[in-house]
Structure formats: structure tokens, C-alpha cells
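# Analysis of the macromolecular model
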Amino acid sequence: MLLSKTKTAIESIFPLEIKEADYARVGYHLEVILDAEKVVSLAKVMMAQGFYLEDVTAIDLNPDMEVIYHYAHTEGCCRVTGRAYTPRHAPEVPTIAGIYSGANWHERETHDFFGITFKDHPYLVPLLLPEDADFHPLVKEDGKVKQLKDIKRAEVKEQAGAPAAGEGKPAPAGGEKGEKA
Amino acid sequence: MEQITTSMLINELPRLILSLVLVIAFVALNALMLVYMERKVAGHMQKRLGPMVVGPHGLLQTLVDGIKLMGKQIINPEEVDLPLFRMAPILALVPAIAVFAVIPFSEKLVARDLNAGLLVVFAYASLSVLAILAAGWGSNNKYGLIGAVRSVAQQVAYEIPMLVSVLSVVLLSHTTQLTGIVNAQKGMWNIVYQPVAFLIFFICSVAETNRAPFDLVEGESELTAGFHTEYSGMGFGVFFLAEYASMVVGAAIATILFLGGWNGPTFGIGGALSGIFPGVLWFLIKVYILIFIVMWIRWTYPRVRFDQLLNFSWKVLLPFSLANLIITAVVTKL
Amino acid sequence: MKIERNLEEHSLYLNMGPQHPSTHGVLRVILKLDGEYIEEAEPVLGYIHRMHEKMGENRTYAQYLPNMGRVDYLSALSYNQCYVGAVERLTGIAPPPRAEYIRVITTELNRLSSHLLWFGAYVLDLGGFTPFLYSFDDREHILDLLESITGSRLTYCYFRFGGVSKDITDDFITGTRAFIKRLRMHLPMYETLVTKNVIFINRVKEVGIITPEAARRYGVTGPALRGSGIKYDVRKNEPYSIYPEVDFDIPVQDGCDALSRYIVRMLEMEQSMRIIEQALDKLPEGPVMAPKVPKKVKPPKGDCYFAVETARGDFGIYIVSDGTETAYRIKLRTPGFSNLSIFAEISRGTLLQDAISTMGSLDLVIPEIDR
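Structure report, in brief. (Residues numbered from 1 in each chain as written. Chains lettered and ligands numbered in written order. Predicted model: local features only at pLDDT ≥ 70, side-chain atom pairs only at ≥ 80, totals over all residues. Heavy atoms only, no water.)

Looking only at helices and strands, chain A has six helices and nine strands in total. Per-residue burial for chain A yields a buried fraction of 54% across its 181 residues. Taking the intrachain contacts of chain A between residues at least 6 apart in sequence as the baseline, contacts between residues at least 24 apart amount to 54%. Summed over all atoms, the accessible surface of chain A reaches about 8,000 Å², with 53% contributed by carbon and sulfur. (Helix = DSSP H or I, 4+ residues; strand = E, 2+ residues; numbered from the N terminus. Buried < 20%, exposed > 50% of the residue type's maximum accessible area, 1.4 Å probe, protein only. Contact = heavy atoms within 4.5 Å. Areas by Shrake-Rupley, 256 points an atom, 1.4 Å probe, with all protein chains shown as cover.)

On a plain count of helices and strands, chain C comes out with 16 helices and eight strands. The C-alpha atoms of chain C give 21 Å as radius of gyration, which agrees with the globular expectation for 371 residues (21 Å, within 12%). In terms of overall dimensions, chain C has C-alpha extents of about 70 × 50 × 35 Å along its principal axes. Burial analysis of chain C (371 residues in total) assigns 67% to the buried set. For chain C, long-range pairs separated by at least 24 residues make up 72% of all intrachain contacts whose partners lie at least 6 apart in sequence. Looking at chain C as shown, the accessible area adds up to about 11,500 Å², and 54% of this sits on carbon and sulfur atoms. Across chain C, the centroid of the 44 positively charged side chains sits 5 Å from that of the 48 negatively charged ones. (Rg over C-alpha atoms; globule rule 2.2 N^0.38 Å. Lys, Arg positive; Asp, Glu negative; His and termini not counted. Charge placed at Lys NZ, Arg CZ, Asp CG, Glu CD.)

What follows covers the sheet that holds strand β1 (residues 16-20) of chain A. Residue and element names in this part refer to chain A. Pairing is mixed across the open sheet formed by five strands, whose spatial order is β1-β2-β6-β5-β3. Bordering the open sheet on either side are β1 and β3 (51-59), each of which pairs with just one other strand. Across the sheet, the axes of successive neighbouring strands diverge by a mean angle of 20°, strand direction being ignored. Pairing geometry for strand β5 (residues 64-73) and strand β6 (residues 79-87), over nine bridges, is antiparallel. (Pairing = 2+ DSSP bridges. Axes fitted to C-alpha atoms, helices over the stretch in contact; angles between N-to-C directions.)

Okay, the interface of chain A and chain C next. If you look at the interface, chain A gives 66 residues, while chain C gives 55 residues. Buried surface at the junction of chain A and chain C, both sides included, amounts to about 5,100 Å², of which 54% is carbon and sulfur. On the chain A side of the contact with chain C, W105, Y123 and L128 of chain A bury the most area, a combined 14% of that side's loss. Inspection of the chain A/chain C interface yields eight salt bridges. As a salt-bridge pair, E109 of chain A and R371 of chain C come within 2.5 Å of each other at their nearest N and O atoms. The tally of links between chain A and chain C comes to 28 residue pairs in polar contact (both at pLDDT 80 or more). Looking at the side of chain A that touches chain C, the elements that each hand over two or more residues are α2 (23-26), α3 (39-48), β3, β5, β6, α4 (103-114), α5 (148-151) and α6 (177-180) of chain A. At nine residues, β3 of chain A tops the list of elements feeding residues into the side of chain A that touches chain C. For the side of chain A that touches chain C, the class distribution of residues is 34 nonpolar, 14 polar and 18 charged. (Buried area = accessible area lost by both parts, 1.4 Å probe. Salt bridge = Lys/Arg side-chain N within 4 Å of Asp/Glu carboxyl O. Polar contact = N/O pair within 3.5 Å; in protein donor to acceptor, adjacent residues only side chain to side chain. Nonpolar A, V, L, I, M, F, W, Y, C, P; charged D, E, K, R; others polar.)

Residue and element names in this part refer to chain C. Tallied over the entire structure, the rule returns 54 salt bridges over all chains. Its salt-bridge partner being R153, residue E147 comes within 3.0 Å of it at the nearest N-O pair. For E147, a relative accessible area of 34% gives the class partly exposed. Of the residues examined, R153 reaches a relative accessible area of 28% and is grouped as partly exposed. Of the charged contacts, one joins D281 and R177 as a salt bridge, the two residues approaching to 2.9 Å between their closest N and O atoms.

Let us now look at the sheet that holds strand β8 (residues 327-333) of chain C. Sheet strands associate in pairs through backbone hydrogen bonding, adopting either a parallel or an antiparallel arrangement. Residues and elements named next belong to chain C. In space, the three strands of this open sheet follow the order β6-β7-β8, with antiparallel pairing throughout. Either end of the sheet is taken by a strand with one partner, and the two such strands are β6 (302-309) and β8. Averaged over all adjacent pairs, the angle separating strand axes in this sheet is 15°, with direction ignored. In this structure, β6 lies alongside strand β7 (residues 314-321), joined through eight bridges in antiparallel fashion. Within β7, the residue paired with C304 across the bridge is I319. Helix α4 (residues 76-91) contacts β6, β7 and β8 of the sheet and is inclined by roughly 150° relative to β6.

Facing the 34 residues of chain C at the interface are 25 residues of chain B. On the chain C side of the interface with chain B, the three residues burying the most area are F129, I199 and Q353 of chain C, jointly 21% of the side's total. Between R305 of chain B and D354 of chain C there is a salt bridge, and its shortest N-O distance comes to 2.9 Å. Put simply, chain C and chain B have 13 residue pairs in polar contact (both at pLDDT 80 or more) between them. When residues in the side of chain C that touches chain B are grouped by element, the largest group, five residues, is from strand β1 (residues 12-16) of chain C. Within the side of chain C that touches chain B, the residues separate by chemical class into 17 nonpolar, 11 polar and six charged.

The subject of this paragraph is the packing of aromatic side chains. Within the structure shown, the criterion is met by 34 aromatic pairs over all chains. Here the aromatic cluster, defined as three or more aromatic residues joined through ring pairs, consists of W118, F119, Y122, Y190, F200 and Y262 of chain C. K140 of chain A extends its terminal NZ or CZ atom over the ring of Y328 of chain C, reaching a point 4.0 Å from the ring centre. A cation sits over an aromatic face here: R139 of chain C above F136 of chain C, 5.3 Å from the ring centre. (Phe/Tyr/Trp six-rings, centres within 6.5 Å; stacked < 30°, edge-to-face > 60°. Lys NZ or Arg CZ within 6 Å of the ring centre and 35° of its normal.)

Two packed helices can be described by the angle between their axes and the distance between those axes. Residues and elements named next belong to chain B. Contact geometry of helix α3 (residues 82-99) with helix α11 (residues 233-258) gives a least axis separation of 9 Å together with a crossing angle of 25°. One finds that α3 runs roughly parallel with respect to α11. Along this stretch, α3 crosses α11, giving a crossing that reads as left-handed. Across the interface between the two elements, R86, A88, P89, I90, A92, L93, A96 and V99 of α3 pack against G235, V238, F239, L241, A242, A245, S246 and V249 of α11. Among the residues making up the contact of α3 with α11, the classes are represented as 13 nonpolar, two polar and one charged. (Parallel < 35°, antiparallel > 145°, perpendicular 65-115°, else oblique. Left-handed = near helix turned anticlockwise from the far one by under 90°.)

So, about the environment of K5 of chain A. Within the element layout of this structure, K5 of chain A appears in helix α1 (residues 2-10). Separated by 139 residues in sequence, K5 of chain A and K144 of chain A have C-alpha atoms that sit 40 Å apart.

Here we take up the nonpolar core. Of all hydrophobic cores here, the largest spans 168 residues; its most connected members are I10, Y71, I96 and Y100 of chain A together with Y83, I317 and I319 of chain C. The element that contributes the greatest number of residues to this core is helix α5 (residues 97-125) of chain C, accounting for 11 residues. (Core = buried A, V, L, I, M, F, W, Y, C linked by side-chain atoms within 4.5 Å.)

So, on to the environment of N30 of chain B. All names here are of chain B. Mapped onto the secondary structure, N30 falls in helix α1 (residues 6-45). Residue classification places N30 among the buried residues on the basis of a relative accessible area of 4%. Along the chain, N30 and H44 lie 14 residues apart, while their C-alpha atoms are 20 Å from each other.

Let's shift gears to α1 of chain A. Residues and elements named next belong to chain A. Along α1, the positions that sit buried rather than exposed are T6, A9 and I10. Buried residues of α1, viewed axially, fall in a sector of 95°; they line one side. Looking at the buried residues of α1, the elements they touch are β1, β2 (30-34), α3, β3 and β6. (Arc of directions from axis to C-beta.)

Here the focus is a nonpolar patch on the surface. Together, M33, L59, L60, L63, V64 and I67 of chain B make up an exposed nonpolar region whose accessible area comes to about 500 Å². Looking at the nonpolar patch element by element, the count peaks at three residues for helix α2 (residues 61-71) of chain B. (Patch = residues over 30% accessible without salt bridge, like charges linked within 9 Å, V, L, I, M, F, W, Y side chains within 5 Å.)

Attention now goes to the side chain of R108 of chain A. Residue and element names in this part refer to chain A. Structurally, the position occupied by R108 is in helix α4. From its side chain, R108 meets the backbone oxygen of V125 in a polar contact 3.1 Å long. Not counting residues within four places of it along the chain, the set of residues in contact with R108 comprises H121, Y123, L124, V125, P126 and L127.

Take a look at the structure:
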């Protein structure tokens, strides 16, 4: 019930892509992909729905970095993952520190690690890194950075037989692949 | 006061020097023993043994620690106010030692039996706050400063109920001479007539000596070490010495005022015992029992909060001590 | 957030830490004081930052396992459990039931040891020395028990993908039962000596108020959240391992203050003991490792999130795999990070001593916050 209610609430944001994920496999219920500008709207909806913010983080990808918002609910079990994309050469998303105060530190940390600018953040200085740090440790070297498709789970319905996933079934048994390698 | 004449000085000089040496020796030795005692008491209360290695049962541990402290280099941090910084430990120790001059250990064993002995004790005891203020301010350290400021507020707050509670004893014994107060308790100890005053006096003396749970001045979990944060070596050692000396003073005054001083118990089965020990032994026994209670409290209770500390003094101790004083005054005049 | 230094004001700027007895590690808090009152507090992190997340991108999945004991060294097995749980979820390896039971038994023992240490350290923060040594005495037994099967006393690396490294012994089982009996005897003593102490109550009651609303805004979890009346525990809300099979309660207090958080932790110890007892009773026979676990774990592409309840709250690991032996991204969501972030707000306007009490009641472990 919580899940459907949340889903309905999130769907009020436009434009976005919302997917129900297989909880047993990925550990979250809803996956929301939206424009960078809309993360604030998502935060507002989640706040209204009684979710708390687990963390804000990012993944360095080419050409767009993925910024991830993990939300969870304190009643029942419902986890929502929000994803937004922002260009790797000048990553920028609006801050949600105005809605979730805890996001302040999470965004500072993400800024430390990835160099993502959080627009209108009240105090965007290094949190975990030294004050004068001019590097972003989790930004990958050019040769190592991957594209979004390289880290996405092979979907049975939509991308059946995606070359990277090969014989790997999306079922949990996929782990056995490691043995063969 | 008697007229001081040359002949009196000549008569008194050996006695003065002797008592000075004895007092200093007593304070130093006593501090060694008390630190050992504190560590043993703490140890056994905490399922440990305490010092065990140096000497039999670690008896010599504090001596070794003292020697180590003396051997340490004296460090003057750069930004300190040097005269104040160096003066403070001495300022803390001198009054604590000077008080011993008037404390009667037994009927005869008293350096100077002044007729205003009680006033002398409190006059000197009040000086300790100056030493802490000088140390905290002089060391130019923020923790030290906060400790010093706390100390002033605390000492002022606790001195008043303490003095008021002592006044009721003075009313009972009609004298401020310490030997006189003891002699007035020949029949029955003051603690029986003045339990409230004793309790207030005891709490205040713990607070005045900055012992836990009133050790806000040096509260280690908040102010690292409070007023003596910047002190090392013997600077710290002297503060330590002063703390234990004033502990003895507090316990000694409590013994004199409320527990019959050098008199053995005159009531109950104690009456039979009182003749066995000499007075000085009775006195020391009572003092050390009180000190043990102070240590017991320290290793049992957490630290109070600063506003609660002041509230407790102004809103609880002071009204009670005043009420006690008024009741005492009325009853003694009846 | 940022403390503006204005030298003309009558405020005192106090640098508490990174070396301070009450910050329990290398946390630094800049305090702007007006007398004894805190006008503003700014925690400064990073003094023990080790970039565990980058290490995760450079090591194979198995190589990263020892890191988990070092993120939160007081609750290492919960971190072990979370990481192996995440990798198992990603790869589909299923550990045998006996391994799951052993994981829960050892993790709950670890939680007990963490709470015991916190109990001692918290009273120490408030100026009471003695309980510290009593709780350490109890904790010592847990360390001995865990040492006998995991081989280490603090930074455990005991769980493996698909099981645990070593089966528990009969000595461990009898020792654990004896320990539980002993702790059951000691906890009432702590309650009479500490919980009912007037000075202690005055130091913690109505101190460091976390309203449920603020808790949600900051993402506070664990005992700190349950002390604000919200019944949220990952073990119940999002059951993992064998927690659905054992009967235990989630203690909740609605005082929102340090006292509530204190009581929640004290009550949790009893619940952990219940879990351990039931798990020991039900402990099935069988292997402790799943068959055919590959030497080199190579999960398929994709991401997964796994959360556990550590002694300090909701710890989550987010792993993104690109199909190689090394994770593409590992995110550690540590509870202390969020719990500390509320400190600036709840300490504003309180006394310096209250700030110490508040900070202690959050149960901070700095390496876990800085990662």
C-alpha cells in the first residue's frame, strides 16, 4: 500500500521515468529517473510522504554522471532510489538541503568525491577532504570510466540478449557466472 | 591579641619553625598517602587492584610518581602570562598549608591556637579561588579560562552556605577558637545537634575542593583539564598537592566542628574505646574516614551540570542553612 | 552551518577536538560560545578519512572484505554482514541456514559489546569513571568469545560470501550462554547504580532534544531515532537473515532526549540477548559455507542496495557492478554520519556540558563517520 501510494505521489512529477524494481534482487522498491532540475520536486514529494533521506551519492559515468538519492521509509519497508544525470565535464544539480537538512553533508561529501556542484547549497566546502583539496577521488581516470549501459542490469523484457549480459540470466543465479570466468 | 615582644619571638621562634616543618612534612607525606589511597580505593571500586608494582602492594608508586614529576622540565607555553602562570600553583598551595597552623590535631598538638581560628581557616580557604583564577587566566588557554570562570562562580556560591552552616556551630559553642569548639563537644558531638549543618558543610567542602561530582573546574571530559590544562611537571604536581592538602583541611574542619575533634566517642560503646587511643589518632581516624567518603563519592557519581550546581547551592543549600541558623539561634536563646 | 568568525563580538570560539577526551576519536567541533552557552556548533570531519569507497573500486570483492571491520571498529560484524549480504544479493549466492544463524549470533554479540562500550564511555563523558570499567569487564568476555571463533578481537573479518569462515564450537555456545546469564545479572545493577542516579538523570533528561520531524530531516536512525518515538529498526522493517524467525521487540522511548536514547540502548541489550538465546536454541546442523562459491566473485552487471541495523543505526551498502571482479562503485551509507549531522542543530543554545552529553548519546564512532 505504501508502495503504491508513494508511486502515485511520485508520478505527479513530470517528466520522469518510474520503475518498480525487484526488491529481492536490488534491495529497493522503486527506481525513479528524472531530470537534474527535478530532484528538488522528488525530495519534496518524498518529504511529504514521510520518507527520510538515506544518502546522496553519485557514480562517475561517461558522458553523464549519475547522482543518486536513496530514500527509505520508517514505517514498513519501502526504499526509493532517485537518479538524475548531469554532464560529466560540468556536473551540477540543485541542492535539496533546503528540504532535507541532512542532505547538506551528503551533498558536501558528494561534492568532495565527484566535484558535483550543488546549486544554492548553503556551504559547499570540503567536508571529508582537506580544506585545500583540489582533486575528486572518485572521479575515474579517462580510460576507466564506463558508460551507463556497462553497469545496467540486463533486463529480460526490454533488452533480451544484451551482448554484455550474454548467457547470464537476470535471475539470482547470475552469480554463478563468476565461477566460469 | 597579645603584644608581640622580642622575648616572645625568641620563645616562639623554635616552636614556629618546628611547626612549619612538621606541617609541610605532614602535607607532603599525607598527599603521597592520599594519592595512593585514592588509587587503591578507585581500583577496588572498579574491579581492579590499583598500583601493585612499585613496592609492596604498590606503596611506593606515588613516591616514584612524585620524583618523576619533580624531574620533569618546567615548560612555559609561549603565550602565557608568566608571573601569574608561575605564581598560581604556589598561591594554591600556601593557603592550604597555612591553614594547618591553626588546626588542632589534639589538645596540645596545635601550632597556633588562635581565638579567631575559624576565621583564619575560611580566610585562607577563600584564597584558593584566586589561585585557580590566576592559573586559568594566566595560562591563556580557552579551556583554562572557562575552568577559571566556573571556579569563581562555584566558590562564591558554595562559600556562603558553608559559612552560614558553620555559624550555627559557632552559636552552639560560643567561640571561634577551634580548640574551644572541640572542647564544647566533650559531652556530645555537634553532628547530633546539627545534622543539617554537617551535611551542608560536607557538601560545600567537597565543592570547595573541586572534587567530583563538583569538579567542573577541571572536568576532564569537557575542559580536558580545566585550569591546569597547560601545567606540566611540578607545576601540575603542586596543584595536586594543594588539592589533597585542602581535602585534608576540609575533612579536618568537619571533624573539629561536627565530629568532636580529638575526642573519642563519649556515647554508646564508644565510650569504653575512647580512652584507648590518643587524641591525635582519633582525630586522624575521623579525618580519614571523611576523606574516604569523599573518594567514595568521587568514584561513584557522574559530574553535575553547571547550572544545576549553582541552583543547588543558591536554591537548596543556602535556604536550608539559613533556616538552620535561625532555628539554632532561636533554640540557643530560649 | 558555517561559523563566521567575528572578532569584535564577545563570543568565545572554542576548538573542541580533534584531540579531546569526549569526542571519542578525531572529531573536531568548533563551538561559538556565549559564556557556557553554545551559540553555534560546527563539526569538522575528515581527520580519519581513509576513502574506503575508493578502496572498494580498486580491490576485488573478497579483498574488500577486511575493510568492513575497519569502518566501524565497534560494530564490525554488522558491517561484515551488510557487505556479504549485498554481494550475496548481487550474485545470488545463498548461505546455508547454519551460517545465517551463526552470523546473527555473532553480530548480536558484537552489538552487545558495542552497547556496553557505549554505556561505559557515555557515563565517563558525564564524569562517572567507575561504570566504564564494569562495562569493559563484561565486554571483555564478549571479545574473548568472539576471538575464539573469529580470531580477532576488534576488527573482525569473519563472514564470507556464502557463509562464515569457521564453524562455532561447543565451548563458544556454553560460553555465550554463561555470558548471557552473567550480563542478565549485571544489567539490573547498572540500572540501580546509573540509570536511577539523580545526577545522571539531571544530566541526560531533556538534553539534546531530537524531534521526530528533525530526525527525519537529518536521516537519523538507530537508537537515536527510536529514542524519539519512531519504531524503526531495519531488522524488523526490512527483515534480513534469520531475524524474521526469532522473536524480539524493538524498544522505543518517546522522550526525544538523551535519556530516551540511553534507555533504548539499555533495553536493546536485553533484546539482543533474547535473539542470541533463541538462535542458539534453533541452531541447525549443517555446513557453514555454501557449496560452489567461486574463488573470484564476479557479480553480473547491475546495482544493489543492502541495509542492516548496526549498533548505531541503519547502515547501507550500495554496490554497482560492471561485471568485473572489482566493484564499479561502492557507497557506504553509515549511520553515524547522518546522526552527527543533526548535532549542530540540537546543540544550539544548550550548555557546553549538555553538548558533551548530547554527543555521547548519539554514540559516535568517528572512523565510521569519516570512512
